[in-house]
Every structure is written in C-alpha cells, then in structure tokens.
Amino acid sequence: MDNMDYAKGYWNPYVAGIALGLVLTFTFYVMGTGLGASGAVARTAAVVAHSVSPEMIEKQPYFKGFYREGAPHPFVDWTVIEVIGVFVGGLISVLISRRFAVGVGRGPSAGVGLRLFMAFIGGIIAGVGTRFAMGCTSGQALSGGATMVVGSWVFMMAVFATAFAAAYFVRKEWS
Amino acid sequence: MGPLLYTGAISYETGLWLAFPIGLMFGFILEKAGFGDSRNLTNIFYFRDMRVLRVMFSALVTAMLGLIALSYAGLFDYNILVEDSLMKSYFWPQLVGGVVFGLGFVIGGYCPGTAIVGVASGKIDSIVFLIGMVFGIWVFAFGWPIWGNFYMSSDLGRITLWQFFGTSKDLMALIILVMALFAFVLARLGEKWGPYNE
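Cut-offs applied
Residues numbered from 1 in each chain as written. Chains lettered and ligands numbered in written order. Predicted model: local features only at pLDDT ≥ 70, side-chain atom pairs only at ≥ 80, totals over all residues. Heavy atoms only, no water. Patch = residues over 30% accessible without salt bridge, like charges linked within 9 Å, V, L, I, M, F, W, Y side chains within 5 Å. Areas by Shrake-Rupley, 256 points an atom, 1.4 Å probe, with all protein chains shown as cover. Salt bridge = Lys/Arg side-chain N within 4 Å of Asp/Glu carboxyl O. Helix = DSSP H or I, 4+ residues; strand = E, 2+ residues; numbered from the N terminus. 1 Å grid on protein atoms, 1.4 Å probe; cavity = no way out; pocket = protein on both sides within 12 Å on 5 of 7 lines; lining within 4 Å. Points joined across faces, edges and corners; volume = space filled by probe spheres on them. Nonpolar A, V, L, I, M, F, W, Y, C, P; charged D, E, K, R; others polar. Contact = heavy atoms within 4.5 Å. Buried area = accessible area lost by both parts, 1.4 Å probe. Polar contact = N/O pair within 3.5 Å; in protein donor to acceptor, adjacent residues only side chain to side chain. Buried < 20%, exposed > 50% of the residue type's maximum accessible area, 1.4 Å probe, protein only. Core = buried A, V, L, I, M, F, W, Y, C linked by side-chain atoms within 4.5 Å. Disulfide = S-S within 2.5 Å. Phe/Tyr/Trp six-rings, centres within 6.5 Å; stacked < 30°, edge-to-face > 60°. Lys NZ or Arg CZ within 6 Å of the ring centre and 35° of its normal. Axes fitted to C-alpha atoms, helices over the stretch in contact; angles between N-to-C directions. Parallel < 35°, antiparallel > 145°, perpendicular 65-115°, else oblique.

Engineer: Which parts of the structure should I look at to understand a nonpolar patch on the surface?
Structural biologist: A cluster of nonpolar side chains, Met157 of chain A together with Leu171, Leu174, Ile175, Val178 and Met179 of chain B, forms an exposed patch at the surface whose accessible area comes to about 520 Å². Top element by residues in the nonpolar patch is helix H10 (residues 169-193) of chain B. It accounts for five residues.

Below is the structure:
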C-alpha cells in the first residue's frame, strides 16, 4: 500500500465541496456566469504570442477575438482577475497551513524527469482540449454542470471516462 | 434580484472588482481540498482516494440547489440565466474536447485551475503543466485552418438538461442529486476495491 501522508491535513472533501458550491452560487448570483480558469491561460498564450508578433496575432483567426478594435488589454477580463485571486487564495492557504514546499508531485517510484516530461505533454493535450470544449473543469464541468448545461455534462462525462481508461497506461507515472 | 449584473443592480466594472475576492475564495478552498498536489488529483483514477469526485459533485449539487433555492426565495431570476447568460452547448466539439482534456488531465496531473494552486504550493510540475498548456493553446490556434469549422459546429444554443429531456428543472435537479449520492457510495466502494493497490 502506498504511503499517502501527502493526502493528510486537508479539509473533509464534502466540507470543501459545499464551501466551493456556495462560492459558485454567489458567483452566479452576482455575475450570471460561473467560475473559470482556462480562459486566463488562453489569454496568456495570446499575450505572449502578441508580444512576439502583434500584426500576425491581431489577424490570427482564433487570437484576433482577444484583440478587437477598442477592446481593453486581454488581461482586463473577469476570468483573468479571478485566476489572480485563485493564485493568491491558494498561496494564503498554503502559507497558513505551513504546506509550502518546492517539489514535484509524482508516484513514489516515478522519476522526476518522467513526471516533468509528462506534465508538459499533458499540459499541451489539456490546452488543446480546453479550446475545443470552450472551458475546463471549472468553467464547463463545475459551473456548467451546476446550471445543468447539456454541453457541460457531455464534456464532464467524456473527461472522466477518458481519464479512467487512460489511467491504466500511465500508471507508472502515479505509482 | 440576481443575477445582479443582468438585472442592472451592479455595473460590469463592479463585477470586475468582485472577480478578485471570488477567485481568492476559490483558490483558498481548492488548496484546502488538497488540489494543489497532482497526486491528490489523479488518485481518483486509481481508486486510491476519490476526493476529486466528492469535492466536485458536492460543489456542483450545492450550487445547483443553491440557485434553485434563491430563485424560489425570489432572489434570483433563473429565466435570465437560461435565456441570456447560460453557456452555449456545442455537442461534438465539447465531446472531443472532453476526451482530449481527460487525456491531458491524467497525463499532466492537473487541470488549469488546480495547476494555479499547484504553483502557489511550490509544485514544479504545475508550472511545467501550465507552460505546456500555453503551447497547447498555440497548437489549437495555429491549427485553425484544420479544425476552425469543427470548433463552432453542432451549435445547440443555450440548452439545459431538463429542456433536452423534456422534464422540469426541479425533477432534473432531484435526479442529479440522487446520482451524486449514488456516486458518493460508489466512490467508497471503489476505494475498497482498489484495483491498482499492491
């Protein structure tokens, strides 16, 4: 059996879930929309590419949507500001829980090199996936799920079915 | 009455000011749930610790019932949500996006929001994951000639599960609640089963 000390010291998952659900309820009450995350990464990808070649990105069929005439900077955006809050909120929790530790999360017998390589590859794949789905676990599965959006439930089922099936093939990374 | 932005009770600028404190609470709770560590996020797929399922479904059900309760209390206009602010559904792109994202999730060990909390926790793998994501978004953007048309295909508009199945919002919410409770029981059984345990 794995030594799972790293999984101790957190909130009861149902308590965390209900707290998260209340924040999500409040967000819908105020904004009419839910929480997000991947949109901020997409805007970062646009801004980085734009800093290299502004003319090309302003004409690029996908990225040009972030650079419309008269639109503010792509970072002046609800989800981007919210994600800055996510970082600070996570940092506050890590610090008060005395959990901050530089390291690499991986299975007990997996090497650091393998894990970082897989994190990069997985990041690329997930990045592509978020654009087709127009969101991720936060925007689609959680927020769309709570408002019973058809496409969000399709996304959520596809995510979990695929991840459970694919887990077998990458078990060395996590064990 | 909510949604405050849509009923004109607050301006978009005020909404922007609320993004930071809302994100702050979101990130704090994600960290307290253990989601700053990729192991806690991927353990679900190996039936070692199903906390991802527990947190996610209890959050989903809480918000789902919370909004219905607010609407019964006359504090939230659910019709505005359904007609004006609900996300649109695109069947095939979201199905394919889900398959691709699920693969990226189990290989990469994070999803976007939790990777941000991973960075705050000092996890190098979360930084690498986010850099990978930026590359992935470039792949998507520059592959537009190949899949740009597909991306906007099978547009179902703003559609909810209860409209799709021709039932009422309350009955649909009840079905989802029962499904979630059933999933919580299955999660416990899955951990006892532990197919990947030595």
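Having seen the structure, we can now continue with the description.
Engineer: Looking at this structure, I do not really get the layout of surface pockets. What am I missing?
Structural biologist: In this approach, a probe sized like a water molecule rolls over the atoms, and the result shows the empty space that is left. By volume, the largest pocket is sized at about 1,400 Å³. The wall of the largest pocket is formed by 48 residues, among which Arg43, Asp77, Thr79 and Met134 of chain A together with Met87 of chain B lie closest to the centre. Every element with two or more residues in the lining of the largest pocket is listed here: helix H1 (13-31), helix H2 (38-52), helix H4 (78-96) and helix H6 (137-146) of chain A together with helix H4 (78-85) and helix H8 (144-151) of chain B. With four residues, the top contributor of residues to the lining of the largest pocket is H6 of chain A. Tallied by class, residues from the lining of the largest pocket come to 24 nonpolar, 17 polar and seven charged.

Engineer: Hey, could you run me through empty space enclosed by the protein in this one?
Structural biologist: The final tally for this structure, using the stated rule, is one cavity of 30 Å³ or more. One number sums up the size of the largest cavity: a volume of about 170 Å³. What lines the largest cavity is a set of 15 residues, and nearest its centre among them are Thr137 of chain A together with Leu30, Phe35, Met56 and Cys111 of chain B. Element by element, the count of residues in the lining of the largest cavity is highest for H6 of chain A, at three residues. Partitioned by chemical class, the residues of the lining of the largest cavity number eleven nonpolar, four polar and no charged.

Engineer: What's the story with the interface of chain A and chain B in this structure? I'm lost.
Structural biologist: How big an interface is tends to be expressed through the accessible area that disappears when the partners come together. Taken together, the contacts link 121 residues of chain A with 128 residues of chain B. Across the interface of chain A and chain B, roughly 11,100 Å² is buried in total on both sides, 78% from carbon and sulfur atoms. Here Arg99 of chain A and Glu31 of chain B are joined by a salt bridge, their closest N and O atoms 2.7 Å apart. Applying the counting criterion to the chain A and chain B interface returns 34 residue pairs in polar contact (both at pLDDT 80 or more). Where the side of chain A that touches chain B is concerned, the elements lending two or more residues are H1, H2, helix H3 (54-59), H4, helix H5 (112-133), H6, helix H7 (150-167) and helix H8 (171-174) of chain A. In terms of residue count, H1 of chain A provides more of the side of chain A that touches chain B than any other element does, 18 residues in total.

Engineer: So what exactly am I meant to see when it comes to H6 of chain A here?
Structural biologist: Within an α-helix, residues lying three or four positions from one another point in the same direction, as the helix has 3.6 residues per turn. All names here are of chain A. Within H6, ten of the ten residues are buried, which leaves the element mostly enclosed by the surrounding structure. Among the residues making up H6, those that are buried are Thr137, Ser138, Gly139, Gln140, Ala141, Leu142, Ser143, Gly144, Gly145 and Ala146. Met148 sits one or two residues past H6 and shows a positive phi near 60°.

Engineer: Looking at this structure, how should I read the nonpolar core?
Structural biologist: If you look at soluble globular proteins, the nonpolar side chains tend to sit buried side by side. Judged by nonpolar contacts, the single largest core of 108 residues is most densely connected at Leu20, Phe63 and Met148 of chain A together with Phe45, Tyr78 and Val106 of chain B. Among the elements that line this core, the one with the most residues is helix H3 (residues 51-72) of chain B, at twelve residues. Each residue touching Tyr78 of chain B, except ones within four places of it in the same chain, is listed here: Ala146, Thr147 and Met148 of chain A together with Leu67, Ile68, Ser71, Trp162 and Lys169 of chain B.

Engineer: Before we go on, may I ask you to explain the state of the cysteines in this structure?
Structural biologist: Think of a disulfide as a covalent bridge from one cysteine sulfur atom to another cysteine sulfur atom. In the structure shown here, the tally under the stated rule is zero disulfides over all chains. No disulfide involves Cys136 of chain A; its nearest neighbouring cysteine sulfur is the one of Cys111 of chain B, lying 6.2 Å away. Judged by its relative accessible area of 6%, Cys111 of chain B is buried.

Engineer: Explain the packing of aromatic side chains to me, please; I cannot follow it from the model alone.
Structural biologist: Each pair of aromatic rings is reported with the distance of its centres and the angle of its planes. Counted under the stated rule, the structure contains 32 aromatic pairs over all chains. An angle of 35° between the planes, with centres 6.5 Å apart, marks the rings of Phe63 of chain A and Phe66 of chain A as tilted. Of the residues examined, Phe66 of chain A reaches a relative accessible area of 15% and is grouped as buried. Each residue in the set Tyr62, Phe63, Phe66 and Phe132 of chain A together with Phe140, Phe142, Trp144, Trp147, Phe150 and Tyr151 of chain B is aromatic and connected to the rest through ring pairs, giving one cluster. A cation over an aromatic ring shows up here: Arg171 of chain A above the ring of Tyr168 of chain A, its NZ or CZ 4.1 Å from the ring centre. Geometry around Tyr78 of chain B places Lys169 of chain B over its ring, the cationic atom sitting 4.0 Å from the centre.

Engineer: Mind showing me how you'd approach the side chain of Thr147 of chain A here?
Structural biologist: Mapped onto the fold, Thr147 of chain A is located in the loop between H6 and H7. Look at Thr147 of chain A and you get buried, because its relative accessible area is 1%. Setting aside its immediate chain neighbours within four residues, Thr147 of chain A contacts Phe28 of chain A together with Leu67, Tyr78, Leu81, Leu86, Thr160 and Trp162 of chain B.

Engineer: Is there a simple way to explain the packing of H2 of chain A against helix H7 (residues 124-142) of chain B in this structure?
Structural biologist: Remark: H2 of chain A packs on H7 of chain B, axes separated minimally by 9 Å, with the N-to-C direction vectors making an angle of 70°. With respect to their mutual orientation, H2 of chain A and H7 of chain B come out roughly perpendicular. Between H2 of chain A, through Ser38, Val41, Ala42, Ala45, Val48 and Ala49 of chain A, and H7 of chain B, the contact on the second element is made entirely by Leu130, Met133, Val134, Ile137 and Trp138 of chain B. Each residue belonging to the contact of H2 of chain A with H7 of chain B can be placed in one class, and the counts come to ten nonpolar, one polar and no charged.

Engineer: Help me understand unusual backbone geometry in this model?
Structural biologist: Of note, the amide linkage connecting Gly2 of chain B to Pro3 of chain B takes the cis form, showing an omega dihedral of -5°. Looking at where Pro3 of chain B falls in the secondary structure, it is placed in the segment before helix H1 (12-32). Not every positive phi belongs to a glycine, and Met134 of chain A is a case in point at roughly 60°. Turning to its location among the elements, Met134 of chain A is positioned in the loop between H5 and H6. A residue is classified by how much of its surface remains accessible, and Met134 of chain A, at 23% relative accessible area, is partly exposed. Unusually for a residue other than glycine, Ser154 of chain B sits at a positive phi of about 40°.

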